[in-house]
Amino acid sequence: MDVRLDDLDRKILRELQRDAGQSLDEIAKEVGSSKTPVWNRIRKMREAGIVGAQTVLLDAESLGFDACFFVLIRTSEHEKDWQDRFLAALKARPEVQEAHRLAGDIDYILKVRVKNARAYDTFYQALIAEVKIHNVTALLSMEELKFTTALPL
């Protein structure tokens, strides 16, 4: 579905990205509209797939997940069967917050959030036991400098 967004749609989306828990009245006030048109626009953007599920952002460190690793993976396997097993292994592991297939020397990068280095090693050992991986490099994030889920609308 091809949806054209106008300035009001973008304002609504910015407000939803800032805090999706706001009431329709609050969003309407912030964007300079009334409740019903805002609701109708949100509904249309949901139907078009622009707006997805509403979730809550949790503070990982407050919950004891102090270690964030970026895992660079090289593989010599590129067959569909291996890719299917690899994808299934990633989906089965809640520690994997993001996974991307890359162009270039590295085949995949994962963002893995765990409690500590020992928990990362447990994750790593389980992953390499399940799928053949040529080379793994784990990079520990020392400090998160910026985090956002907001798109630059």
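Residues numbered from 1 in each chain as written. Predicted model: local features only at pLDDT ≥ 70, side-chain atom pairs only at ≥ 80, totals over all residues. Heavy atoms only, no water.

### Quick word on the packing of aromatic side chains
Point 1. Taken as a whole and judged by the stated rule, the model has 6 aromatic pairs.
Point 2. With a centroid separation of 4.8 Å and 10 degrees between ring planes, the pair formed by Trp82 and Phe86 is classed as stacked. Linking Trp82 with Phe86, this pair stays in helix 4 (residues 80-91), spanning 4 residues, or about one helical turn.
Point 3. Residue Phe86 is classed as buried on the basis of its relative accessible area of 3%.
Point 4. Ring centres of Trp82 and Tyr108 lie 6.0 Å apart, and the angle between their planes is 45 degrees; this geometry places the pair in the tilted category. Of this pair, Trp82 sits in helix 4 while Tyr108 sits in strand 3 (residues 108-114); the two residues are 26 residues apart in sequence, bridging distant segments of the chain. Tyr108 shares its class with Trp82; the two are buried. (Phe/Tyr/Trp six-rings, centres within 6.5 Å; stacked < 30°, edge-to-face > 60°. Helix = DSSP H or I, 4+ residues; strand = E, 2+ residues; numbered from the N terminus. Buried < 20%, exposed > 50% of the residue type's maximum accessible area, 1.4 Å probe, protein only.)

### Describing the nonpolar core
Point 1. The biggest cluster of nonpolar side chains holds 18 residues, and the ones touching the most others in it are Ile73, Phe86, Leu110, Val112 and Leu127.
Point 2. Of all the secondary structure elements, the ones that give two or more residues to this core are strand 1 (67-74), helix 4, strand 3 and helix 5 (117-130).
Point 3. Not counting residues up to four positions away in its chain, the partners in contact with Val112 are Ala67, Cys68, Phe69, Val71, Glu95, Val96, Tyr120 and Phe123.
Point 4. Core analysis: the next-biggest nonpolar cluster, separate from the first, contains 11 residues, Ile12, Ile27, Val31 and Val51 among them. (Core = buried A, V, L, I, M, F, W, Y, C linked by side-chain atoms within 4.5 Å. Contact = heavy atoms within 4.5 Å.)

### Some details on the UniProt feature "domain: HTH asnC-type" (unreviewed entry) in the protein
Point 1. What UniProt calls "domain: HTH asnC-type" (unreviewed entry) maps, in this numbering, to residues 5-66.
Point 2. The distance separating the terminal C-alpha atoms of residues 5-66 is 39 Å; by composition the span is 53% helix and 0% strand. (UniProt positions renumbered as here; feature names shortened; annotations may be inferred.)

### Examining the side chain of Asp9
Point 1. Within the fold, Asp9 resides in helix 1 (residues 7-18).
Point 2. The residues contacting Asp9, other than those within four sequence positions of it, are Arg4, Arg41 and Met45.

### Things to note about a nonpolar patch on the surface
Point 1. Taken together, the side chains of Val56, Leu58 and Leu63 make up a nonpolar region of the molecular surface, amounting to roughly 340 Å² of accessible area.
Point 2. Along the chain, Leu63 turns up in the loop between helix 3 (35-47) and strand 1. (Patch = residues over 30% accessible without salt bridge, like charges linked within 9 Å, V, L, I, M, F, W, Y side chains within 5 Å. Areas by Shrake-Rupley, 256 points an atom, 1.4 Å probe, with all protein chains shown as cover. Salt bridge = Lys/Arg side-chain N within 4 Å of Asp/Glu carboxyl O.)

### Some thoughts on the sheet that holds strand 3
Point 1. Overall, antiparallel pairing links the 4 strands, which are arranged 2-3-1-4 in an open sheet. Only two strands of the sheet have a single partner each, and these edge strands are strand 2 (96-101) and strand 4 (135-140). Adjacent strand axes in the sheet meet at a mean angle of 20 degrees, parallel and antiparallel pairs treated alike.
Point 2. Here strand 1 runs beside strand 4; their pairing, made up of 6 bridges, is antiparallel. Within strand 4, the residue paired with Arg74 across the bridge is Asn135.
Point 3. In this fold helix 4 packs onto strand 1, strand 2 and strand 3, with an angle of close to 20 degrees to the strand it touches most, strand 3.
Point 4. Here helix 5 sits on the sheet and contacts strand 1, strand 2, strand 3 and strand 4; the angle it forms with strand 3, its principal contact strand, is near 135 degrees. (Pairing = 2+ DSSP bridges. Axes fitted to C-alpha atoms, helices over the stretch in contact; angles between N-to-C directions.)

### A few points about the pairing of strand 3
Point 1. A large share of strand 3 lies buried, amounting to 6 of its 7 residues.
Point 2. Connecting strand 2 to the next strand, strand 3, in antiparallel fashion are 6 residues, including Gly104 with a positive phi near 110 degrees.

### Quick look at the pattern of salt bridges
Point 1. Inspection of every chain in the model, using the stated rule, returns 8 salt bridges.
Point 2. In this structure, Asp6 engages Arg41 in a salt bridge whose closest nitrogen and oxygen atoms are separated by 2.8 Å. Separated by 35 residues along the polypeptide, Asp6 in the segment before helix 1 and Arg41 in helix 3 bring together distant segments of the chain.
Point 3. Using a relative accessible area of 24% as the deciding quantity, one classes Arg41 as partly exposed.
Point 4. Asp9 is the partner of Arg41 in a salt bridge, and the nearest nitrogen-oxygen pair spans 2.8 Å. Here Arg41 is found in helix 3, whereas its partner Asp9 is found in helix 1, with 32 residues between them in sequence.
Point 5. Under the relative-accessibility criterion, Asp9 is labelled buried at 7%.

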